[in-house]
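Next come the chains, spelled out residue by residue.
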Amino acid sequence: SKFKTPTMTNLRNMIRGQKFDGKKLVVITGTSSGMGKMAAKHLSRTGEYHVIGGVRDLSKMSTVAKLEGINTENFTPMYVDLASFASVRDFAKKIEDFRADKPIDRLVCNAAVYQPTLDYAKWTEDDHEQQMQINYLSHFLLTSLIMPKMEGAEEPRCVMVGSVTGNDNTVGGGGVWPV
């Protein structure tokens, strides 16, 4: 017979294929500016990727997406505040719900703060120095939550970005001079 009884696996694969249309699923933090913005813009334009952009300000991301011509059919912004471990966990849960059982193909930990001229420490709600939590600890937590969801992806990748040159308002980008 040409007809087969559908299995749960076949149904899941069919649903997954419809939602992402065979695209690779990429999670990038910090897509409203700098290198994260450019990565989201270019990956979403290829038609080969669906990008989930983790940002602090969804309104800003909406404006940036319009101004930059980010393909919103292949881009989904989601809220995350890396200064809060609870927010990182919530972000991971939202990704889990969004992706269904589609493996995550790429994780790009890009978002960061850089405040070289600040003469005092800022602290997060989790009692960590702000730059340490946002730039390192929250990305470590996010990676530990996302990596199991990368199982089943063909050639999965996790990229940790370390740069101050992505934005022009940093020392590396030339806009701020250290005191």
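Thresholds, definitions, all that
- Residues numbered from 1 in each chain as written.
- Predicted model: local features only at pLDDT ≥ 70, side-chain atom pairs only at ≥ 80, totals over all residues.
- Heavy atoms only, no water.
- Helix = DSSP H or I, 4+ residues; strand = E, 2+ residues; numbered from the N terminus.
- Buried < 20%, exposed > 50% of the residue type's maximum accessible area, 1.4 Å probe, protein only.
- Contact = heavy atoms within 4.5 Å.
- Areas by Shrake-Rupley, 256 points an atom, 1.4 Å probe, with all protein chains shown as cover.
- Expected span 1.5 Å × (residues − 1).
- Arc of directions from axis to C-beta.
- Phe/Tyr/Trp six-rings, centres within 6.5 Å; stacked < 30°, edge-to-face > 60°.
- Salt bridge = Lys/Arg side-chain N within 4 Å of Asp/Glu carboxyl O.
- Pairing = 2+ DSSP bridges.
- Axes fitted to C-alpha atoms, helices over the stretch in contact; angles between N-to-C directions.
- Right-handed = clockwise from strand over helix to strand, strands pointing away.
- Core = buried A, V, L, I, M, F, W, Y, C linked by side-chain atoms within 4.5 Å.

Caption draft 1: Inspection of the overall build of the protein at higher detail. Within the protein, the regular secondary structure consists of five helices and five strands. Tracing the protein from N to C terminus, the helices and strands come up as α-β-α-β-α-β-α-β-α-β. Residues counted as buried form 38% of the 179 residues belonging to the protein. In the protein, of all internal contacts separated by at least 6 residues, the share reaching a separation of at least 24 is 68%. Roughly 10,600 Å² of accessible area belongs to the protein as shown, and the carbon and sulfur atoms make up 54% of that amount.

Caption draft 2: Quick look at helix α4 (residues 85-99). Over its 15 residues, α4 extends 21 Å from the first C-alpha to the last, a length consistent with the 21 Å expected when each residue adds 1.5 Å. Listed in full, the buried residues belonging to α4 are Phe85, Ser87, Val88, Phe91, Ala92, Ile95, Phe98 and Arg99. End-on, the buried residues of α4 take up no more than an arc of 160 degrees, which puts them together on one face. Just past α4, the residue Ala100 takes up positive phi, approximately 60 degrees.

Caption draft 3: Here's a closer look at the packing of aromatic side chains. What the rule picks out here adds up to one aromatic pair. Aromatic pair Phe20 and Phe98: ring centres 5.6 Å apart, planes at 80 degrees, arrangement edge-to-face. Taken together, the residues span a long stretch of sequence, with Phe20 in helix α1 (residues 8-20) and Phe98 in helix α4 at a distance of 78 residues. Like Phe98, Phe20 is buried.

Caption draft 4: Seen up close, the pattern of salt bridges. By the definition in use, this model includes nine salt bridges. A salt bridge links Asp90 to Lys94, with the nearest nitrogen and oxygen atoms 3.2 Å apart. On the criterion of helical spacing, the pair formed by Asp90 and Lys94 is a turn pair, its members being four residues apart in helix α4. You can call Asp90 partly exposed: its relative accessible area is 37%. As a salt-bridge pair, Glu96 and Lys149 come within 4.0 Å of each other at their nearest N and O atoms.

Caption draft 5: Local environment of the sheet that holds strand β5 (residues 157-160). With parallel pairing, five strands are arranged side by side in an open sheet as β3-β2-β1-β4-β5. Strands with a single pairing partner mark the edges of an open sheet, and in this sheet they are β3 (75-79) and β5. Between one strand axis and the next, the sheet turns by 15 degrees as a mean value, whatever way the strands run. Of the strand pairs in this sheet, strand β1 (residues 24-29) and strand β4 (residues 106-109) are connected by three bridges, and their pairing is parallel. Bridge pairing in β4 places Val27 opposite Leu107.

Caption draft 6: Molecular detail of the pairing of β4. Burial along β4 is two-sided: the face carrying Arg106 and Val108 and the face carrying Leu107 and Cys109 are both buried. Pairing geometry for β4 and β5, over four bridges, is parallel. Across the sheet, Cys109 pairs through a bridge with Met160, a residue of β5. Regarding the hand of the β-α-β motif, the stretch spanning β4, helix α5 (residues 130-146) and β5 is right-handed.

Caption draft 7: Molecular detail of the nonpolar core. Among the nonpolar cores identified, the biggest contains 24 residues, and Ile52, Phe91 and Ile95 are the most heavily contacted of them. Of all the secondary-structure elements, those providing two or more residues to this core are β1, α4, β4 and α5. A per-element tally of this core places α4 first, with six residues. Those residues in contact with Ile52 that lie beyond four places of it in its chain are Leu25, Val26, Val27, Ile28, Thr76, Met78, Phe91, Ile95 and Phe98.

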